[in-house]
Amino acid sequence: MIKTFKGHDRFFQVSILNENTIRLRVSNKDDFPENGPVRYGIYNIACENTMTEYSFKGGIHAFETSSAVFEVNENDTTFCLTDKNGNIYIKSQSPIHITDKGYSLKMFSLSKGRFYGLGDVTRETIEKRGTFSEIWVRNVKSYVPAPFLMSNKLWGIFNNSTYRHYFDVCKKEKNTVDIWSYDGFADFIFFTGDSYKS
């Protein structure tokens, strides 16, 4: 299922890739061009035939699969991802900020959650809570940065961008994951599951 709608002063596109994977794109206009890795088949971002219940009530677009619920509030342009019982995986702390060139996303994270991923942005620590990372190839310092962050609270996020961008994982603000770029489009893929393996 792919659903495009306008909320406040921006456009949203939600794609249910499978029961555990949801793609969210946000733009100033009703246009969502694919970046190079998707166009050339490096990333396979195709929607599977996933049973999804869609509803719209009180300005909230809700997408429910067999294992997760994703809601976007078109009035304040925030979102929330929960399991079927309403337990929150992740939710935006404020509206996704969009400019003609760039974006920023602030998400509330559970206080006891641990974070892993981001490729080799640092060799000092495996756990990424309390770190700031630049996702950009740098000689010797960072050969394979990866814009994927996962939590031991059974969710993950992939920032689908080839531009230089940044992850602040609860460093500047406690319990806040902040992702931003000064170029490119807001294109995020959220993952949920029962374990790291799923």
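Residues numbered from 1 in each chain as written. Predicted model: local features only at pLDDT ≥ 70, side-chain atom pairs only at ≥ 80, totals over all residues. Heavy atoms only, no water.

J.: Sorry if this is basic, but what is going on with the overall build of the protein chain here?
T.: Of the regular secondary structure elements, the protein chain holds one helix and 17 strands. The C-alpha radius of gyration computed for the protein chain amounts to 16 Å, which stays within 12% of the reference 16 Å derived for 198 residues, consistent with globular compactness. Taking the principal axes of the C-alpha coordinates as reference, the protein chain spans close to 50 × 35 × 30 Å. Of the contacts formed within the protein chain by residues at least 6 apart in sequence, a portion of 52% connects residues at least 24 apart. As displayed, the protein chain has an accessible area near 10400 Å², and 51% of this comes from carbon and sulfur atoms. (Helix = DSSP H or I, 4+ residues; strand = E, 2+ residues; numbered from the N terminus. Rg over C-alpha atoms; globule rule 2.2 N^0.38 Å. Contact = heavy atoms within 4.5 Å. Areas by Shrake-Rupley, 256 points an atom, 1.4 Å probe, with all protein chains shown as cover.)

J.: Explain the pattern of salt bridges here, please?
T.: A pair can form between side chains of opposite charge whenever their charged atoms are brought close. For the structure shown, the criterion picks out eight salt bridges. Among the ionic pairs, Asp 187 bridges to Arg 23, the shortest N-O distance being 2.7 Å. In this pair, Asp 187 is assigned in strand S17 (residues 186–192) and Arg 23 in strand S3 (residues 21–27), connecting sequence segments 164 residues apart. Here Asp 187 and Arg 23 have matching classes, each one buried. The partner of Glu 34 in a salt bridge is Arg 25, and the shortest N-O contact between them spans 3.5 Å. By relative accessible area, Arg 25 is classed as buried at 6%. Each member of the salt-bridge network shares a partner with another, and the members are Arg 23, Arg 25, Glu 34 and Asp 187. (Salt bridge = Lys/Arg side-chain N within 4 Å of Asp/Glu carboxyl O. Buried < 20%, exposed > 50% of the residue type's maximum accessible area, 1.4 Å probe, protein only.)

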